[in-house]
Amino acid sequence: MTGGSKTKTIDNDGAAAVLVDSVEHAAATPEHPQPYRELGLKDDEYARIREILGRRPTDAELAMYSVMWSEHCSYKSSKVHLRYFGETTTDEMKAKMLAGIGENAGVVDIGDGWAVTFKVESHNHPSYVEPYQGAATGVGGIVRDILAMGARPVAVMDPLRFGPADAPDTRRVLPGVVAGIGGYGNCLGLPNIGGEVVFDASYAGNPLVNALCVGSMRVEDLHLAHASGTGNKVILFGARTGLDGIGGVSVLASDTFSGDESGTGRKKLPSVQVGDPFTEKVLIECCLELFRSGLVVGIQDLGGAGLSCATSELASAGDGGMRVELDRVPLRAEGMTPAEILSSESQERMCAVVRPEDVDAFLRVCAKWDVTATVIGEVTDTGRLEITWHGETVVDVPPRTVAHEGPVYERPVERPASQDALVADTPDRLARPSAPAELRETLLRMIASPNLCSRRWVTDQYDRYVRGNTVLAQPADSGMVRIDEETGRGVAVSTDCNGRYVRLDPYTGTQLALAEAYRNVAVTGATPLAVTNCLNFGSPEDPGVMWQFEQAVRGLADGCRELGIPVTGGNVSFYNQTGDTAILPTPVVGVLGVIDDVRRRIPTGFGAEAGETLLLLGE
Amino acid sequence: MARVVVDVMPKQEILDPQGQAVANALPRLGFDGVTSVRQGKHFELEVDDSVDDATLAKIAETFLANPVIEDWVVRRVDA
Amino acid sequence: MARVVVDVMPKQEILDPQGQAVANALPRLGFDGVTSVRQGKHFELEVDDSVDDATLAKIAETFLANPVIEDWVVRRVDA
Amino acid sequence: MTRIGVITFPGTLDDVDAARAVRHAGRDGAAEAVPLWHADADLRGVDAVIVPGGFSYGDYLRAGAIARFAPVMGEVVRAARQGMPVLGICNGFQILCESGLLPGALLRNAGLHFVCRDQWLRVENNETAWTSRYERGAEILVPLKNMEGRYVADAATLDELEGEGRVVFRYVVDEPEPGQAPKRHLGADSPNGALRHIAGITDPTGRIVGLMPHPEHAIDALTGPSDDGLGMFLSVLDALVAA
Ligand SMILES: Nc1ncnc2c1ncn2[C@@H]1O[C@H](COP(=O)(O)OP(=O)(O)O)[C@@H](O)[C@H]1O
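Where an unreviewed UniProt entry is consulted, chain D appears under the name Phosphoribosylformylglycinamidine synthase subunit PurQ, with the organism given as Streptoalloteichus tenebrarius. We quote the UniProt Pathway (unreviewed entry) comment for chain D here in full: "Purine metabolism; IMP biosynthesis via de novo pathway; 5-amino-1-(5-phospho-D-ribosyl)imidazole from N(2)-formyl-N(1)-(5-phospho-D-ribosyl)glycinamide: step 1/2." Looking at the Subcellular location (unreviewed entry) heading of the UniProt record, one finds this comment for chain D: "Cytoplasm".

Put into structure tokens, the structure is as follows:
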């Protein structure tokens, strides 16, 4: 530490000495310079943290705020627009919605006492850096989201976008992404029931890897992430916490900021995480047994922002506060600092709130599945999130200020001047095939084109049969899984988006995506019920991109109101661009429908029997 | 002609689920005393004498290993 | 405490498509002169001094390798 | 009632499907699927055992390498040696090979990718405990889905298997004449490079069978490509009732 301030050295179980910046120490050293800009916080954001705390944050607090106030976790640029979803959802649309925006994933009632939860999430950037692991951990993350609702994950889908099929980098990215999605999903035993593969030059340096998961549960088993009941225990279970996936926070321990020779001085930690699907599979079965045994009061998965996110969200959704002893967290690496432990995005971890009298039973279930589980803290009535490290308090914050009261931006929105020219440039000027030979040539070119050719190279790498409930998968318009084996009740899901339409007219283009997914569900015989989305856009700091985003959200919300089905959740991914060039705006829309008996599904294709009549509906 | 060995290992700070699975299984099989296991890849290459060390390093770095998550070592061995 | 390395390779007569895929890709990436590649596994173990060579051989033979398809070599290295 | 055990290891996936297949085969209450847990050295008095598919222990070292040492497998090996019918499907086949109940080994698919597809198989031997309901030479359509499905053994072992009629299933692979289209549409090329296109084998008694494809995923045309796989589960019920 610079500035001549004194820091305390604490021996971490005989491991390397770690410098600890306690709350007490922070209060005593207000002038101590902190690398908040390197962590992505703006001057005014840092000032607000100081104002909230009435002092400078500790290293650990700074790590928490910086990750939780990032665009990815705080939705600071999109929040003002996403409100429109809530404003346009009528009571009638909400009738079947058991959980909506704001929860880990939306939940809808599909009848007969069954509830279904589903959500899409992006893992775009990590999949560009390390395609296999990036895509694999994308699947792992969305599956834990679904699990945290109390549901058994029952199917996955993967809407993908890549650069041109013949670009050298696509040869690196695509096979890795597909192998990663398959490697993780197959090993979890989740049938892959659909997805998309789209090629466009705009995705060359920025592929989109979106992953969707569907889960099912009995209505009464719905678990929401909250920590309530003073005295209840907080249990961290699953994989150990390591140094991978820490990303930016390593600057807190970097040479520059721990000038002290004894500092751990980590140079550059890999921001990539490695997935362990076997551990996740066991974690799923363990969680489901814990739910069945009634041992869970609240539960939260650890995804982006790791423990920072799990503890602050659990605490702020509860009725009190939370105290955590961070030194109890089982670690995989030596000498980790509190900031690193709080920010680690090590995969395959969950955090549960458990009644004290149930702790033993909880730990027994974990032991049966060989899952490491540790009581790391308890629910308090202080209204504060307090985190200690070997007895020193390193975090003492109002949890809502971390989890929910982050900055909100009203970014400038402006329709790009170039939009008119783009729209005016219609396909009318393109030559049209007229002679039969030309038609033939055009048709052949089309069916051989990467965007229209068979997807078998991809889908053959995904297990679509596991669990024996898959009724429709490739090449059907929607995936369909049976939820109830007795009655045949099931759900159908489709995801769609044509980014070129959205680029031309973000409002109508997004409605077209919704309409396509809705139709794809409807043609299987299912009744559409709910919508999720993954809004992949360029930089929110570009007013033209923000215009696309605003229009897309409005288009989707208005379309949903028209169709009478609610948006139950979603995900925003900004900064998808190469240099200054944004990707095609890609609001992937997922629609879920219910069918009361999957035996009455309507398979894709016609011509099964002679004499069928072909009808064209619509204009 | 030369024989070259390239060992590619997950970086220390990176999770190694394979090594962990082996380490956890050994005591169950009655083998005690193994305190840690890491698992990586082992390549054996036959190369022309024209291939120099710099090229071998490049092959390891850009192709056999993914330096984001893996370390590598190249070793020439007697054929 | 000792460091032990175990290398496990597919037997010569067994087809090694992974090694072959690497060998085929190298010329495409502009690396010439690599005439053959075989790919196997590399394990690094930390073992107590109580673990003798016979035990290590048994670990390799019965567990780390499947002798139906693989050969193995155990090597102690300086820590 | 016939009791058929279905083992669950950590990482097993197709245990629910195998149990469902047993229930389908024993519709009239003739059979019950009994869950067996990897950590219990106890077969709970079952009459036959299915080692189902999945990724036991993540298949991290080698498919089946860790599972073969589970306490329950000791009992399976003991019972199998005394004549109990045992079926290994996919990961179960790999485990039976690793534990020495069946010869050979399963390596990564020659194409290096996970392969999931509907695959035609030819029934080469209908005298095992698990295949008596089929006609010899019949072709059945079942899903194949695995990463390590390439069956290998040394030439002597292969010759022995062939000579004793112990190849139970072979992938139906069309190697078309030049200029001619393959006869069948689905899975007509070799799915994984298995030697002599071997998809499944049996021990000398015909009671232990292992195969890579998934008959338990082909018991109902609603959720599989056919119901051709049901025959295997009906066969074993016949064998047990006759015994
Ligand atoms: N990435 C993917 N993962 C899983 N299934 C996919 C993927 N891409 C395409 N599919 C499936 O392949 C089939 C054909 O896809 P596509 O050609 O995009 O169909 P359509 O144009 O009719 O939407 C569909 O069933 C779709 O769900």
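Here the narrative resumes.
### Looking at the confidence of the model for chain D
In the predicted model, chain D carries a mean pLDDT of 93, and 94% of its residues have values of at least 70. Note on the complex model: pTM 0.92, ipTM 0.92.

### Focus: the site of the ligand
Residues and elements named next belong to chain A. Within the structure, the ligand sits among 15 residues, and D158, N192, G194, G195 and A476 are positioned closest to it. D158 is positioned with one of its side-chain polar atoms (N or O) 2.3 Å from a nitrogen atom of the ligand. Within the backbone of E196, an N or O atom sits 3.3 Å from a nitrogen atom of the ligand. Taken by itself the ligand offers 550 Å² of open surface, and the protein chains cover 76% of this. Contributions of two or more residues to the shell around the ligand are made by strand 6 (152-162), strand 7 (192-199) and helix 17 (456-459). Considering each element in turn, the shell around the ligand owes the most residues, five residues, to strand 7. Of the residues assigned to the shell around the ligand, the class counts are six nonpolar, five polar and four charged.

### Quick look at the side chain of A:R467
Its place among the elements puts A:R467 in the loop between helix 17 and strand 16 (470-472). Despite its burial, A:R467 remains without a salt bridge, the nearest opposite charge being carried by A:E285 at 4.9 Å. What A:R467 contacts, discounting residues up to four positions off in sequence, is A:R152, A:G189, D:D14, D:V16, D:D17, D:R20 and D:H217.

### Here we look at the interface of chain B and chain C
Contacts between chain B and chain C engage 33 residues on the former and 33 residues on the latter. When chain B packs against chain C, close to 2700 Å² is buried across both sides, 68% of that on carbon and sulfur atoms. Among the residues of chain B in contact with chain C, B:F31, B:H42 and B:F63 are the three that bury the most area, contributing 21% of the side total. Inspection of the chain B/chain C interface yields zero salt bridges. Among the secondary structure elements, those contributing two or more residues to the side of chain B that touches chain C are strand 1 (2-10), helix 1 (17-28), strand 2 (34-47) and helix 2 (53-64) of chain B.

### A few points about helix 13 (residues 359-368) of chain A
Residues and elements named next belong to chain A. All buried positions along helix 13 are accounted for by V359, F362, V365 and C366. Viewed along the axis of helix 13, the buried residues span an arc of 125°, placing them on a single side of the element. The exposed set on the far side of helix 13, more than 90 degrees from its buried face, consists of D360, R364 and A367. Check the buried side of helix 13 and you find it contacts strand 9 (233-238), helix 10 (277-292), strand 12 (349-354) and strand 13 (373-380). D370 lies just past helix 13 and shows a positive phi near 60°.

### Here we look at helix 16 (residues 436-448) of chain A
An ideal rise of 1.5 Å per residue puts 18 Å on 13 residues; helix 16 of chain A measures up with 18 Å between its terminal C-alpha atoms. Among the 13 residues in helix 16 of chain A, zero count as buried, and that is only a small part of the element.

### Let's talk about the sheet that holds strand 7 (residues 139-146) of chain D
Residue and element names in this part refer to chain D. Taken in spatial order, the nine strands make up an open sheet running 2-1-3-4-11-10-9-6-7, and their pairing is mixed. The sheet is open, and its two edges are formed by strand 2 (31-37) and strand 7, each paired on a single side. Each adjacent strand pair in this sheet contributes to an overall mean axis angle of 25°, direction not counted. Where strand 6 (residues 115-123) lies against strand 9 (residues 167-171), three bridges are found, and the strand directions are antiparallel. Bridge pairing in strand 9 places L121 opposite Y171.

### Let's talk about the side chain of A:T117
Residues and elements named next belong to chain A. By the element assignment, T117 lies in strand 5 (residues 114-122). T117 gets classed as buried once you look at its relative accessible area, which sits at 0%. Reaching out from T117, the side chain makes a polar contact with the backbone oxygen of G106 at a distance of 2.8 Å. The residues contacting T117, other than those within four sequence positions of it, are A105, G106, V107, I146, M149, A151, C213, V214, G215 and M217.

### Quick word on the interface of chain C and chain D
Counting residues at the interface gives 15 residues for chain C and 16 residues for chain D. Taken together, the two surfaces of chain C and chain D that pack against each other cover about 1200 Å², and 68% of this comes from carbon and sulfur. The largest contributions to the chain C side of the interface with chain D come from C:P17, C:F63 and C:I69, which together make up 38% of the buried area. Between chain C and chain D we count one salt bridge in total. Viewed at the interface, chain D and chain C are joined by six residue pairs in polar contact (both at pLDDT 80 or more). When residues of the side of chain C that touches chain D are traced back to their parent elements, those giving at least two are helix 1 (17-28), strand 2 (34-47) and helix 2 (53-64) of chain C. Residue composition of the side of chain C that touches chain D, grouped by class: 10 nonpolar, three polar and two charged.

### Considerations on the pairing of strand 15 (residues 392-397) of chain A
All names here are of chain A. Most of strand 15 is tucked away: five of the six residues are buried. Bridge analysis of strand 14 (residues 385-389) against strand 15 gives five bridges, and the strand direction is antiparallel. Residue pairing in the sheet places I387 in a bridge with V395 of strand 15. In textbook terms, the turn of a hairpin is the stretch between consecutive antiparallel strands, and for strand 14 and strand 15 this stretch comprises two residues, one of which, H390, has a positive phi near 50°.

### Thoughts on the packing of aromatic side chains
Here a ring pair, both rings aromatic, is described through the centre-centre distance and the interplanar angle of the planes. All chains considered together, the criterion is met by 11 aromatic pairs over all chains. Aromatic pair A:Y36 and A:Y46: ring centres 4.0 Å apart, planes at 5°, arrangement stacked. Note that A:Y36 is positioned in the loop between helix 1 (23-28) and helix 2 (43-53) and A:Y46 in helix 2, a separation of 10 residues in sequence. For the pair formed by A:Y36 and A:Y46, the shared burial category is buried. Centroid distance A:F278 to D:Y57: 6.0 Å. Interplanar angle 40°. Geometry classified as tilted. Of this pair, A:F278 sits in helix 10 while D:Y57 is found in the loop between strand 3 (48-51) and helix 2 (71-81), placing the two residues in two different chains.

### Regarding the relation of the copies chain B and chain C
With an RMSD of 0.2 Å, the operation that places chain B on chain C is a rotation of 180° combined with a shift of 0.0 Å along the axis. Given the turn and translation reported, the copies of this chain are related as if by a two-fold rotation axis. By C-alpha distance to the rotation axis, the residue of chain B lying nearest is B:K41, at 2.2 Å. Most of the interface of chain B is mirrored in chain C, where 100% of its interface residues are also at the interface.

### Some thoughts on the UniProt feature "active site" (unreviewed entry) in chain D
Residue and element names in this part refer to chain D. Here, UniProt's "active site" (unreviewed entry) annotation points to C90, H214 and E216. Judged by maximum C-alpha separation, these annotated positions cover 127 residues in sequence but sit close together in space, the widest gap being only 10.8 Å. Within the secondary structure, C90 is located in the loop between strand 4 (86-89) and helix 3 (91-98). Ignoring anything within four residues of it in the chain, the contact list for C90 reads G53, K145, N146, L211, M212 and H214.

### Focus: the sheet that holds strand 19 (residues 527-536) of chain A
Residues and elements named next belong to chain A. The six strands are arranged 16-17-18-23-19-20 in an open sheet whose pairing can be described as mixed. Each having just a single partner strand, strand 16 and strand 20 (567-573) make up the two edges of the open sheet. If you compare each strand with its neighbour and ignore which way they point, the axes differ by 20° on average. Examined bridge by bridge, strand 17 (residues 479-482) and strand 18 (residues 490-496) share four bridges and lie antiparallel to one another. In the strand pairing of strand 18, G479 is matched with V493.

Cut-offs and rules
Residues numbered from 1 in each chain as written. Chains lettered and ligands numbered in written order. Predicted model: local features only at pLDDT ≥ 70, side-chain atom pairs only at ≥ 80, totals over all residues. Heavy atoms only, no water. UniProt positions renumbered as here; feature names shortened; annotations may be inferred. pLDDT = per-residue confidence, 0-100. Near = heavy atom within 4 Å. Polar contact = N/O pair within 3.5 Å; in protein donor to acceptor, adjacent residues only side chain to side chain. Areas by Shrake-Rupley, 256 points an atom, 1.4 Å probe, with all protein chains shown as cover. Helix = DSSP H or I, 4+ residues; strand = E, 2+ residues; numbered from the N terminus. Nonpolar A, V, L, I, M, F, W, Y, C, P; charged D, E, K, R; others polar. Buried < 20%, exposed > 50% of the residue type's maximum accessible area, 1.4 Å probe, protein only. Lys, Arg positive; Asp, Glu negative; His and termini not counted. Salt bridge = Lys/Arg side-chain N within 4 Å of Asp/Glu carboxyl O. Contact = heavy atoms within 4.5 Å. Buried area = accessible area lost by both parts, 1.4 Å probe. Arc of directions from axis to C-beta. Expected span 1.5 Å × (residues − 1). Pairing = 2+ DSSP bridges. Axes fitted to C-alpha atoms, helices over the stretch in contact; angles between N-to-C directions. Phe/Tyr/Trp six-rings, centres within 6.5 Å; stacked < 30°, edge-to-face > 60°. Least-squares fit on C-alpha atoms with pLDDT ≥ 70 in both.

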